[in-house]
Amino acid sequence: MLRHVLLVCLMIQCTIADTKYKKGTAVPLAKRTWLTLHGDEPVVVANGGFSGLYPSQTDIAFRNVFGKNGTVFLCDLHMSHDGHGFCLSQLNIQNTTNAANAFPDRRKTYTVNGKELQGWFALDFTSDEMFSKLLVTQSIFSRTDLFDFSSPYPTDLFLEESNNTQVWINAEYPAFYNQHNLSLVDQIKQLMEVKKDISYISSPDIGFLKRMGPVVHGLKTKLMFKFPIDRSTVEPTTNKRYASLLTKLSMIKKFAAGIVVPREYIWPVNRARHLKSSTNLVAKAHKQGVQVFAYGFANDNYLPYNYSYDPQREYLQFVDNSKFAVDGVVTDFATSASTAIACLAGSRNASRKVHTLIITANGASGDYPGSTDLAYQKAVDDGADIIDCSVQMTKNGVAFCLPSVDLISTTTASGPFMSRATKVEALQSSMGIFSFDFTWEEIQSLKPQMFSEFNGELARDPARKNMGKFVTLSDFLEFAKAKAVPGVLINIENAAFLAANKDLDIVGAVTIALSNATLDKQSTQKVLIMSGESSVLDKFKDIPTYQKVLHIKKKVEFVTNETALEIKKHADAVFLHKHSLYTQFRGEGFTLNLTNLIECMHWANISVYAGTVVNEFQDIYMDFNSDPYTLIHNLIYYGADGIITQYPSTANAYTRNLCTGNQESYRIPDINPGDVITYALDPKEVEEYKPPPPEYLETKDFVTPPLPPVAAIAKKNDHGGSASNSIFSLL
C-alpha cells in the first residue's frame, strides 16, 4: 500500500530542466471562459482510476491517478451476494477477474435488459469470497497484466480513501440487482454516510435516477443520465429506445443535471475511420441547461485518422473547437486528458516555451508518404525546425529524397519492377529493389507509398497511402529556402558502397547541391549533415557552419568517456534511438534505468537528438501513459537537445503548451525510468531481476575507413531540375 502512495508523490513532483525553457518569472494565466454550459473548465473523469495502465476500479488504479485539479474518480457500483458494494468495471466479471479459475463451478446465465448473459457475476459471491479469493485483471488484452494482483475494491473503502477527492458512482444495472433483492439506491444511501459529498451519480435507468432525486435533494450531487453505445437499446423504465430519449432533453432535465454519452454521439466516425461533421447534441443540451459528458476516451484506442494517432487532438476536438465544449470527458488516461485541457487548449497561437529542436523523419511521414512534397509541406505547416532529406542516388546520378535505398517499402516498385529485385549483402539481408539500379525517369513512373511499422488497426490513413510526389535533393533545398525553414538535415548513407560498386558519388552530389543552393555560404539556415559513417562526416569538416550528426543505428546502453571523445572528433551531435536511453524491465514494456548516453555525450560537448518519436501507442513505453506528449516531455527532461519525429505537429504542440513555466498550473509529469515498476511492484521482484549486460557503443560501430575514389559520373545532376517548379509550385 505504501509503495502506491510513494508513486503518487513521485509523479506529483514535476520539476523541469531550466535549460530548456525561457528564463524569467512565470505569470499566472488569466482564467479562461470555456464553451461549456457554465463557462467552466471541462472536468476530467478518471474511469476506474488509471485504468489505462492498472486493472480498472482497483486500489492501485485509483491511488495512481495523476490529473489536473478537480479530476473525478469514477467507480462502477456492483454488489455481492450479501449486499456489499464493490467497484467493478463490468457486470459479468469473467474477463475482469480470475473468477473462472478460482470458482469454475459458479458459471451462471442471467437475463439482463432482455438479453441472456453467461459468465460469472458478483452477486453470486459473498463479500469475503470476493475480497479474499478474487483478483481483478486487466480486461483489455493489449494492456499489461503485470499489475493483476489487487482484490476487488469495496465501495466504502474507495470512498474513505478518496476523502479529499471528487468521486462519481455509476449504477449501471439497478433493475437487474432489484430482481435479485439487492438495491443500489439503498447501497448509495449507505455510501453517502461514508462520504456525503459524492459529486456525481449516473445511471442509464430513469427510474433509478428519479428514486435518487429525493436522496440527493439539497446536496451538490449531480444526477447524470447515461446513454449506451447502442442507441437502439431499450431503456428499462420507459420501454423507449435511447435514440428517442435523446430528443427529449427537456424531459431529462427534470430528473438529471446532465447526460453522459459515447463520444461518437458528438463526433461521428465513418467506416473509413474519418470524422464526420459534429452533431448538434451539445448545443441542444446546453440550450436546455443540460450538461454533456462524453465517454470512451483512451490513448490506446484506434483513433480516427484525423487525429494522426495523437490522443490529445481527440480531446481538443471535444473541448477546444469554436462551436462548443463538452462539460467533461470520461477517460482511461486522466493524465492525457489533463494535458489536453490544462496545457494545450487555447495554445494554437501561443509562442514556443520549449526550445528543443523539432527535426523531422522524412518530413511529416506519419501523415503522408515520407520524403514527398506533401510530407515536407505538412512538416513546414506543423512548425518543424529542421526538415530532412535521406539522400538516395539513381543510376544516372540524380540525388533525390527517399527514406530508404530499397524501394519496396516506400514506393510501388514491387508491382512493375519485382523482376529487378536483387540481394545486396552489404546493404541488407533480404531481397530489395534498389534506387541505384533505376533512372530518375523510372523513379518518377512510380508512386510513393506510406510506410509504417504498424499494420492492422494501427495502419496509417489508407486514403493518403500513395499521395505526393518524389523530390530531388535540389528541389528539397530550394523548397526549404523558399519556406525559410530554420534548417535542413541531409542524411547520407551507403556512400562507400555506392562509390566502390556503382561509381556514384553521393557525397559529391550533396556538396554540389548545397553549394548551388548557397547553403554553404550563409549561417541563416542551419545545415545538419548526418551519417552513420565517420568517413562521410569527415568530408564536411572544412565547412564550419555545417553541424555533423553521427547516427548511432544500433541500440546501445553504455558509452565510455573515451568513445564519446572519439565521436567528438567526427561529429557535433548524435542521433540516438529513444530506446537506447533506458533499459527495459523483463521485456514487459516498462523502463528500468536511464542509460549513461546523454550524460556522457553532454560531458563530451556533443548534442543529442532522440528519436524516432511516433504517435502510435504501441511504440511508447507504458511508463509514459501510451502518450507521445509524456514521452516527448520526458526525453527533454532527460536532456535531449532535439526530437526527431514523424509527427512534427505533436512535438510543436508540446513546445507551446501553456503549463510550461506556470508554477500554478497542472504539470506534465516527469517520470524517471523505473519509477512505475519500482513503486507499483514488490521491491523484491524488481531487485531479483537481473538485466542482460549492457550493449556498449564502440568505435568500430561508427569509425569507417576513408571513402574509396569514385569514377566520373556520366550524367549531370540536372534531371530533376524542371520537376522542382512543378512539384512545389502548387504548395
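Residues numbered from 1 in each chain as written. Predicted model: local features only at pLDDT ≥ 70, side-chain atom pairs only at ≥ 80, totals over all residues. Heavy atoms only, no water.

S.K.: For this particular structure, what's the right way to read the overall build of the chain?
M.R.: Across its full length, the chain holds 26 helices and 26 strands. Computed over the C-alpha atoms, the radius of gyration of the chain is 29 Å, within 12% of the 27 Å expected from 2.2 N^0.38 for a compact globule of 731 residues. Projecting the C-alpha coordinates of the chain onto the three principal axes gives extents of approximately 90 × 60 × 55 Å. In the chain, which comprises 731 residues, the proportion classed as buried is 59%. Here the contacts in the chain between residues at least 6 apart in sequence split such that 73% fall between residues at least 24 apart. In the form shown here, the chain has an accessible surface area of approximately 30,000 Å², with 50% of it arising from carbon and sulfur atoms. Computed over 70 positive and 75 negative side-chain charges, the separation of the two mean positions in the chain equals 7 Å. (Helix = DSSP H or I, 4+ residues; strand = E, 2+ residues; numbered from the N terminus. Rg over C-alpha atoms; globule rule 2.2 N^0.38 Å. Buried < 20%, exposed > 50% of the residue type's maximum accessible area, 1.4 Å probe, protein only. Contact = heavy atoms within 4.5 Å. Areas by Shrake-Rupley, 256 points an atom, 1.4 Å probe, with all protein chains shown as cover. Lys, Arg positive; Asp, Glu negative; His and termini not counted. Charge placed at Lys NZ, Arg CZ, Asp CG, Glu CD.)

S.K.: Looking at this model, I keep getting lost on helix H14 (residues 373-381). Mind explaining?
M.R.: Quick reminder: α-helices carry 3.6 residues per turn. Residues three or four places apart thus point the same way. When H14 is considered as a whole, its buried residues turn out to be Asp373, Ala375, Tyr376, Gln377, Lys378 and Ala379. Downstream of H14 by a residue or two, Gly383 has a phi angle that is positive, lying close to 90 degrees.

S.K.: Would you mind going over the packing of aromatic side chains with me for this structure?
M.R.: The relative placement of two aromatic rings is captured by the distance of their centres and the angle of their planes. Tallied over the full model, the rule gives 39 aromatic pairs. Of the aromatic side chains, those joined through ring pairs into one cluster are Phe50, Tyr54, Phe147, Phe149, Phe333 and Phe590. Arg420 extends its terminal NZ or CZ atom over the ring of Phe438, reaching a point 4.0 Å from the ring centre. (Phe/Tyr/Trp six-rings, centres within 6.5 Å; stacked < 30°, edge-to-face > 60°. Lys NZ or Arg CZ within 6 Å of the ring centre and 35° of its normal.)

S.K.: I would appreciate a short explanation of helix H18 (residues 506-516) in the present structure.
M.R.: Within the span of H18, buried status applies to Ile506, Val507, Gly508, Ala509, Val510, Ala513 and Leu514. Two residues or fewer after H18 comes Thr518, characterised by a positive phi angle close to 60 degrees.

S.K.: Before we go on, may I ask you to explain the state of the cysteines in this structure?
M.R.: By definition, a disulfide links two cysteine residues through a covalent bond between their sulfur atoms. Under the counting rule described, the total for this entry stands at three disulfides. Covalently, Cys343 is tied to Cys659 through a disulfide, its sulfur atoms 2.0 Å apart. Judged by the sign of its S-S torsion, about -95 degrees, the bond between Cys343 and Cys659 is left-handed. Of this pair, Cys343 sits in helix H13 (residues 334-344) while Cys659 sits in the loop between helix H23 (648-655) and helix H24 (675-680); the two residues are 316 residues apart in sequence, bridging distant segments of the chain. In this structure, Cys343 and Cys659 share a single accessibility class: buried. Put simply, Cys389 and Cys401 are joined by a disulfide, and their sulfur atoms are 2.0 Å apart. Its S-S torsion of approximately -105 degrees makes the covalent link between Cys389 and Cys401 left-handed. In this pair, Cys389 sits in strand E14 (residues 386-393) while Cys401 sits in strand E15 (residues 399-401), placing the two residues 12 residues apart along the sequence. Taken individually, Cys389 and Cys401 each receive the classification buried, so the pair is uniform in this respect. Across the chain, the way the bonded cysteines pair up, counted in sequence order, is 1-2, 3-6, 4-5. (Disulfide = S-S within 2.5 Å.)

S.K.: Can you walk me through the packing of helix H22 (residues 628-638) against H23 in this structure?
M.R.: Packed helices, taken two at a time, are described by their axes: the angle between them and the distance between them. Across the interface, H22 lies against H23 with an axial gap of 10 Å and an inter-helix angle of 65 degrees. At the point where H22 passes H23, the crossing takes the right-handed sense. Residues Pro628, Tyr629, Ile632, His633 and Ile636 of H22 pack against Thr650, Ala651, Ala653 and Tyr654 of H23. (Axes fitted to C-alpha atoms, helices over the stretch in contact; angles between N-to-C directions. Left-handed = near helix turned anticlockwise from the far one by under 90°.)

S.K.: Would you mind going over unusual backbone geometry with me for this structure?
M.R.: A negative phi angle characterises most non-glycine residues, just as the trans form characterises most peptide bonds. Omega for the peptide link from Gly611 to Thr612 comes to -10 degrees, which places this bond in the cis form. Counting through the fold element by element, Thr612 comes out in strand E25 (residues 607-613). Of note in the backbone geometry, Gln57 takes a positive phi value of approximately 70 degrees without being a glycine. Along the chain, Gln57 turns up in the loop between strand E1 (43-47) and helix H2 (59-63).

S.K.: Is there a simple way to think about the UniProt feature "domain: GP-PDE" (unreviewed entry) in the chain in this case?
M.R.: Under the UniProt annotation, the feature "domain: GP-PDE" (unreviewed entry) is placed at residues 42-341 and 356-655. Secondary structure content for residues 42-341 is 28% helix and 19% strand, and the end C-alpha separation is 7 Å. In this annotation, residues 356-655 is assigned 28% helix and 21% strand; the end-to-end C-alpha distance for the span is 8 Å. (UniProt positions renumbered as here; feature names shortened; annotations may be inferred.)

S.K.: Sorry, what's going on with the side chain of Asp310 here?
M.R.: Take Asp310: it is sitting in the loop between strand E11 (291-297) and helix H12 (311-319). Here Asp310 occupies a buried position and makes no salt bridge, while the nearest side chain of opposite charge, Arg313, is found at 5.0 Å. With residues near it in sequence (within four places) discarded, Asp310 still touches Leu303, Asn615, Tyr629 and Thr650. (Salt bridge = Lys/Arg side-chain N within 4 Å of Asp/Glu carboxyl O.)

S.K.: Hey, could you run me through the pairing of strand E12 (residues 328-331) in this one?
M.R.: As a general feature of sheets, a regular strand has side chains that alternate between the two faces. Neither face of E12 is left uncovered, since the one carrying Gly328 and Val330 and the one carrying Val329 and Thr331 both have all their residues buried. Two elements, E1 and E12, share four bridges in a ladder whose sense is parallel. Bridge pairing in E12 places Val43 opposite Gly328. Bridge count for E11 against E12 is four bridges, and the pairing is parallel. Pairing of Ala294 across the sheet is with Val329, part of E12. (Pairing = 2+ DSSP bridges.)

S.K.: Before we go on, may I ask you to explain the nonpolar core in this structure?
M.R.: Note on soluble globular proteins: their nonpolar side chains tend to be buried together. Grouped together as the largest cluster of nonpolar side chains are 180 residues, with contacts concentrated most on Phe225, Ile259, Ile266, Phe476 and Ile490. Element by element, the count of residues in this core is highest for H13, at seven residues. Not counting the four nearest positions on each side in its chain, Ile266 is found in contact with Val261, Ser278, Thr279, Leu281, Val282, Val292, Ala294, Phe318, Phe324 and Val326. In terms of nonpolar packing, the next biggest core, distinct from the first, is built from 13 residues, Ala413, Ala421, Leu446 and Phe470 among them. (Core = buried A, V, L, I, M, F, W, Y, C linked by side-chain atoms within 4.5 Å.)

S.K.: Hey, could you run me through the environment of Leu594 in this one?
M.R.: Relative to the assigned elements, Leu594 resides in strand E24 (residues 591-594). When the C-alpha atoms of Leu594 and Tyr638 are compared, they prove to be 8.6 Å apart, with 44 residues separating the residues in sequence.

S.K.: I'm lost on the pattern of salt bridges in this one. Help?
M.R.: Between side chains of opposite charge, pairing is possible as soon as their charged atoms come close. For the structure on display, the rule yields 31 salt bridges. Across the salt bridge formed by Lys521 and Asp520, the nearest N and O atoms sit 3.2 Å from each other. Since its relative accessible area comes to 60%, Lys521 is described here as exposed. For Asp520, a relative accessible area of 24% corresponds to the partly exposed category.

S.K.: Is there a simple way to explain the pairing of strand E10 (residues 258-262) in this structure?
M.R.: Burial of E10 is extensive: five of the five residues sit out of reach of the surface. Of the pairings in the sheet, the one linking strand E9 (residues 222-226) to E10 comprises three bridges and is parallel in character. Bridging across to E10, Phe225 finds its partner in Ile259. In this structure, E10 lies alongside E11, joined through five bridges in parallel fashion. Along E11, the bridge assignment pairs Pro262 with Tyr295. Handedness of the crossover is the feature at issue here: the chain leaves E10, passes through helix H11 (residues 281-287), returns alongside E11, and the resulting connection is right-handed. (Right-handed = clockwise from strand over helix to strand, strands pointing away.)

S.K.: What am I meant to see in the side chain of Asp124 here?
M.R.: By the element assignment, Asp124 lies in the loop between strand E5 (115-119) and helix H4 (127-133). Of note is the side chain of Asp124, whose polar atom sits 3.5 Å from the side chain of Lys108. Beyond its immediate chain neighbours, meaning those up to four positions away, Asp124 contacts His81, Arg106, Lys108, Tyr110 and Glu129. (Polar contact = N/O pair within 3.5 Å; in protein donor to acceptor, adjacent residues only side chain to side chain.)

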